[in-house]
Amino acid sequence: MEVARPQVWIAASIVIVGLLFATAHGFYLPGVAPQDFLTGDDLMVKVNKLTSTKTQLPYSYYSLPYCTPKTIVDSAENLGEVLRGDRIENSPYVFKMRQPQMCQIVCRVVLNAKTAKAFKEKIEDEYRVNMILDNLPLVMPIKRPDQETVVYQHGFHVGLKGQYAGSKEERQFIYNHLSFTVKYHRDTESEAARIVGFEVKPFSVKHEYDGTWSDNVRLTTCDPHAKRSVTNSDSPQEVDDKKEIIFTYDVQFEESDVKWASRWDTYLLMSDDQIHWFSIVNSLMIVLFLSGMVAMIMLRTLYRDISKYNQLETQEEAQEETGWKLVHGDVFRPPTNSDLLCVYVGTGVQFFGMTLVTMVFALLGFLSPSNRGGLMTAMLLLWVFMGLFAGFASARLYKLFKGTEWKRIALRTSFMFPGIVFVIFFVLNALIWGEKSSGAVPFGTMFALVVLWFGISVPLVFVGSYVGFKKPAIEDPVKTNKIPRQIPEQAWYMNPVFSILIGGILPFGAVFIELFFILTSIWLHQFYYIFGFLFLVFIILVVTCAEITIVLCYFQLCSEDYLWWWRSYLTSGSSALYLFLYAAFYFFTKLEITKPVSGILYFGYMLIASYAFFVLTGTIGFYACFWFTRLIYSSVKID
């Protein structure tokens, strides 16, 4: 399953081409085009990873002693699928289109102590089996008792726990009989049909038969000749040493009015879209409030200040000036650790470009869940190619700060953020590998990631830096004094730590409801496909970060504190702290993770996400403040 295989590079190339040459007909991506089946055609069921919300560690289907086909064939996975832990393989379940089958025996397995223990552990951790037919994931329909609606759960549990009547000892039972329903939409003009649904009802049945076992034995518990089918789990199949398990299945075909183009609608149905609208309205109220404050500052206060400053005629009046004009000689003085600021701003530009382009293509439908792993692959490739803009942005700012060694800044930009993330990712991957999970990224994939980083991202950062540094330096609107002025003692509410922490609350408040759905889709293995809402929330986040930073920056300059460079970055960037705290709250209130390794994985990945969020929001705030200060100081006359 190494990613160095040519199929993966082809898949990666297809994503790049798809991203570059997207058209209105882009929905028909490779592997997503409709497939027509005639009556009697073979339908090959594929198996995917075993997943659990309790452990967050995926395992391959054949890590358990399930029935295997004669030869196990891996499907070619793209970069995103491998990173997600997907392991798609063929299975012994083969149907004939529109030909129902009843009580088909797959195989017989006799457990030993080791295999029984493996099944028991997976049942205890509530693992689910995932299968795929014609690129549609297997779902289990569950009717809500309080409503008429049906909810779909992905896959089915390996088994269940229970007690025999009159016994208090808890035992594990396996789901060994699967009743499949394949829904199809028939073409009115031809006999061809397209698959639009793949459902299952699992049962645990202790199968019985007369005589000794042979390949053509007839079961007494489930017999197509006697029209005896499995309808309940009244006599379940226990998992224990030396127990015999017979795996069987039924398949029935059901005609559906759902067209192929709409077959994912039931999977992506959002029953709580009112909450999303509430989230948007809530965020818009924050934006309107901040916009009002910014408008008041820009139109009223600043207009009055600039008019007053520009009308000062005598030297005595000039000496009495107060507020933000007073620090004009220091406001564009390079900050301490200016090199590090350049690196973080460049990385933030890289993140902003990746996020924006990814969302645009997701909105256009190119990254739908049917294109498995497409979203993650696209994000990785876009991150790599956005290195050009990262180098350009960091070099431009570096030259503004009178820096001369642009290669050093380019090197730090290309290695600092990816290096930190790679180290965390490598440690987490080692833990997953130690658990023998299929979520562990293979060596070949790790090598491919390093090649993308060193072979494409780093050279592009250097190209961007070279271009950015060659351009004329950005000129400050006012001259900087040689000797820095003393900053007067500040009021308690203008303390840097306090104002930075206050600044992060509103951007986080604008996104936290949407964040709940994103965390649910990631950690509870649900589909997330409301990119329209997400794009709106992203725009609101950008506006909120910019406006709160401008407001607090103005108050800071009015207090004659000119150290705004780093504070503007940290003000909106501090929202990442609240994101991480919310992730911790979500962990303890919504997830049932008990294993230490799974807990470390959760907090490790959320740390990476929070770090990325810090870089993104911090850069937005910085550029807003940068624009604001240049605007106001270029509007006043300085003698």
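All chains use their own residue numbering, which begins from 1 and follows the written sequence. Residue-level local features of this predicted model are given only where pLDDT is at least 70; pairs of side-chain atoms are given and counted only at 80 or more, and the full residue set underlies all totals for whole chains, interfaces and linings. Heavy atoms from the whole structure form the basis of all side-chain values; hydrogens and water molecules are not counted.

## Considerations on the pairing of strand β10 (residues 171–174)
Bridging between strand β9 (residues 159–162) and β10 involves four bridges; their strand directions are antiparallel. The partner of Lys161 across the bridge, within β10, is Gln172. Two strands qualify as a pair provided DSSP detects at least 2 bridges between them. Numbering goes from the N terminus for both helices and strands, where a helix is a DSSP run of H or I of at least four residues and a strand is a run of E of at least two.

## Description of helix α9 (residues 406–434)
The end-to-end C-alpha separation of α9 is 42 Å, in line with the 42 Å expected for 29 residues at 1.5 Å each. Taken as a whole, α9 carries its principal kink of about 30 degrees at Gly419. By this rule the span expected of a helix is its residue count minus one, scaled by 1.5 Å. Throughout, bend refers to the angle between the axes fitted to the seven residues that end at a position and the seven residues that start at it.

## Considerations on the state of the cysteines
For the purposes of this analysis, a disulfide is any pair of cysteine sulfur atoms at a distance within 2.5 Å. Going through the model one piece at a time under the given rule, you end up with two disulfides. Each sulfur in the disulfide pair Cys67 and Cys107 lies 1.9 Å from the other. Between Cys67 and Cys107, the S-S torsion sits near -80 degrees, and that sign places the bridge as left-handed. With Cys67 in the loop between β1 (42–51) and α2 (79–84) and Cys107 in strand β3 (residues 101–110), this residue pair connects regions lying 40 residues apart in the sequence. Each member of the pair, Cys67 together with Cys107, is buried. A sulfur-sulfur separation of 1.6 Å characterises the disulfide bridge that pairs Cys103 with Cys222. Its torsion about the S-S bond being -95 degrees, the disulfide of Cys103 and Cys222 is classed as left-handed. Of this pair, Cys103 sits in strand β3 while Cys222 sits in the loop between β12 (193–203) and β13 (237–238), and the two are 119 residues apart along the sequence. Each member of the pair, Cys103 together with Cys222, is buried. Cysteine pairing for the protein chain, with bonded cysteines counted in sequence order: 1-3, 2-4. Buried means the residue's accessible area, taken with a 1.4 Å probe over protein chains only, is under 20% of the maximum for its type, while exposed means over 50%, and partly exposed covers the values in between.

## What about the confidence of the model for the protein chain?
Chain-level statistics for the protein chain give a pLDDT mean of 84 and a share of 90% at 70 or above. Note on scores: pLDDT gives the predictor's confidence for each residue, bounded by 0 and 100. Here a residue-residue contact requires only that any non-hydrogen atoms of the pair lie within 4.5 Å. Across residues 1–31 the pLDDT falls below 50, and counting only partners more than four positions away or on other chains, this stretch makes 52 contacts in the model.

## Quick word on empty space enclosed by the protein
We place a 1 Å grid over just the protein atoms. Points where a 1.4 Å probe fits but has no way out form a cavity, open points with protein on both sides within 12 Å along at least 5 of 7 lines form a pocket, and any residue with an atom within 4 Å of a point lines it. Grid points are joined across faces, edges and corners, and a volume is the space filled by probe spheres set on the points. Summed over all chains, the structure comprises four cavities of 30 Å³ or more. Roughly 50 Å³ of volume is contained in the largest cavity. Every residue along the wall of the largest cavity is listed here: Thr549, Leu552, Cys553, Gln556, Trp564, Arg567, Ser568, Thr571 and Cys625. Breaking the lining of the largest cavity down by element, the ones donating at least two residues are α12 (531–558) and α13 (565–573). The greatest single-element share of the lining of the largest cavity, amounting to four residues, is contributed by α12.

## What to know about the nonpolar core
The nonpolar side chains of a soluble globular protein tend to be buried, and buried together. Counting residues in hydrophobic clusters, the biggest one holds 100 residues, and the most contacted among them are Leu557, Trp564, Trp565, Tyr602 and Tyr633. When residues in this core are grouped by element, the largest group, 17 residues, is from helix α15 (residues 596–633). Excluding residues that lie within four positions of it along the chain, Trp564 makes contacts with Val331, Phe332, Cys553, Gln556, Leu557, Cys625, Phe626 and Thr629. We call a set of buried residues a nonpolar core when its members are Ala, Val, Leu, Ile, Met, Phe, Trp, Tyr or Cys and they connect through side-chain atoms within 4.5 Å of each other. Met97, Ala116, Ile123 and Phe198 belong to the second largest nonpolar core, which has 55 residues in total.

## Some remarks on a nonpolar patch on the surface
Patch definition: residues with relative accessible area over 30% and no salt bridge; like charges joined within 9 Å; nonpolar side chains (Val, Leu, Ile, Met, Phe, Trp, Tyr) joined within 5 Å. Using the Shrake-Rupley algorithm and a 1.4 Å probe, accessible areas are obtained, with residue cover drawn only from the displayed protein chains. Salt bridge, as used here, is a side-chain nitrogen of Lys or Arg placed within 4 Å of a carboxyl oxygen of Asp or Glu. On the surface, a cluster of nonpolar side chains totalling about 430 Å² of accessible area is made up of Leu388, Phe389, Val463, Tyr466 and Val467. Here the element with the most residues in the nonpolar patch is helix α10 (residues 443–470); it accounts for three residues. Note on placement: Val463 falls in helix α10. A relative accessible area of 43% means that Val463 is categorised as partly exposed.

## Considerations on unusual backbone geometry
The bulk of non-glycine residues show a negative phi, and the bulk of peptide bonds are trans. Within the chain, Arg98 stands out as a residue other than glycine whose phi angle is a positive 60 degrees. Structurally, Arg98 can be placed in the loop between β2 (89–96) and β3.

## Concerning the environment of Asp41
Here Asp41 shows up in the loop between α1 (6–20) and β1. Since its relative accessible area comes to 29%, Asp41 is described here as partly exposed. When the C-alpha atoms of Asp41 and Phe95 are compared, they prove to be 8.2 Å apart, with 54 residues separating the residues in sequence. Excluding residues within four positions of it along the chain, Asp41 makes contact with Phe95, Lys96 and Met97. A polar atom in the side chain of Asp41 sits 2.8 Å from the backbone nitrogen of Leu38. In protein, a polar contact requires one atom able to donate a hydrogen and another able to accept it; more generally it is a pair of N or O atoms within 3.5 Å, and residues adjacent in sequence count only if both atoms are side-chain atoms.

## As for the environment of Lys590
By the secondary structure assignment, Lys590 is in helix α14 (residues 575–590). Between the C-alpha atom of Lys590 and that of Trp523, which follows or precedes it by 67 residues, the distance is 9.7 Å.

## Things to note about the packing of aromatic side chains
Pairing of aromatic side chains requires ring centres within 6.5 Å, counting the rings of Phe and Tyr and the six-membered ring of Trp. Pairs whose planes differ by under 30 degrees are stacked, by over 60 edge-to-face, and all others tilted. All chains considered together, the criterion is met by 55 aromatic pairs. Measuring from centroid to centroid gives 5.3 Å for Tyr93 and Tyr249, while their planes differ by 70 degrees, and the two rings are edge-to-face. With a gap of 156 residues between them, Tyr93 in strand β2 and Tyr249 in strand β14 (residues 244–255) connect regions that are remote in the sequence. As far as the burial class goes, Tyr93 and Tyr249 line up, both buried. The interplanar angle of 45 degrees and the centroid separation of 5.7 Å between the aromatic rings of Phe422 and Trp453 together place this pair among those described as tilted. With a gap of 31 residues between them, Phe422 in helix α9 and Trp453 in helix α10 connect regions that are remote in the sequence. We classify Trp453 as buried; its relative accessible area is 13%. Ring-pair connections join several aromatic residues into one group, and the members of that group are Tyr344, Phe351, Trp383, Phe417, Trp566, Tyr569, Tyr611 and Phe614. A cation over an aromatic ring shows up here: Lys399 above the ring of Phe469, its NZ or CZ 5.2 Å from the ring centre. Look at NZ for Lys and CZ for Arg. If either is within 6 Å of the ring centre and within 35 degrees of the ring normal, a charge sits over the ring.

## Overview of the packing of α9 against α15
Note on method: axes are straight lines fitted to C-alpha atoms, helices fitted across the in-contact stretch only, with angles between N-to-C directions ranging 0 to 180 degrees. Remark: α9 packs on α15, axes separated minimally by 10 Å, with the N-to-C direction vectors making an angle of 165 degrees. When the axis of α9 is compared with that of α15, the two are roughly antiparallel. Between α9 and α15 lies a crossing of left-handed hand. From α9, Phe417, Ile420, Val421, Ile424, Phe425, Leu428, Leu431 and Ile432 reach across to α15, where they touch Val597, Ile600, Leu601, Gly604, Tyr605, Leu607, Ile608, Tyr611, Ala612 and Val615. Residue classes in the contact of α9 with α15 are distributed as 17 nonpolar, one polar and no charged. Each angle receives one of four descriptions, namely roughly parallel if under 35 degrees, roughly antiparallel if over 145, roughly perpendicular if within 65 to 115, and oblique otherwise. Helix crossings get a hand from a simple test, with the near helix turned counterclockwise from the far one by less than a right angle marking a left-handed crossing and a clockwise turn marking a right-handed one. Three classes are used, and their members are as follows: Ala, Val, Leu, Ile, Met, Phe, Trp, Tyr, Cys and Pro are nonpolar, Asp, Glu, Lys and Arg are charged, and the others, Gly among them, are polar.

## Structural notes on the packing of helix α6 (residues 338–363) against α15
Remark: α6 packs on α15, axes separated minimally by 8 Å, with the N-to-C direction vectors making an angle of 105 degrees. Judged by the inter-axis angle, α6 sits roughly perpendicular to α15. Of the residues in α15, those touching α6 at Leu341, Tyr344, Val345, Thr347, Gly348, Val349, Phe351, Phe352 and Thr355 are Tyr611, Ala612, Phe614, Val615, Leu616, Thr619, Ile620, Phe622 and Tyr623. Class assignment of the residues belonging to the contact of α6 with α15 gives a composition of 14 nonpolar, four polar and no charged.

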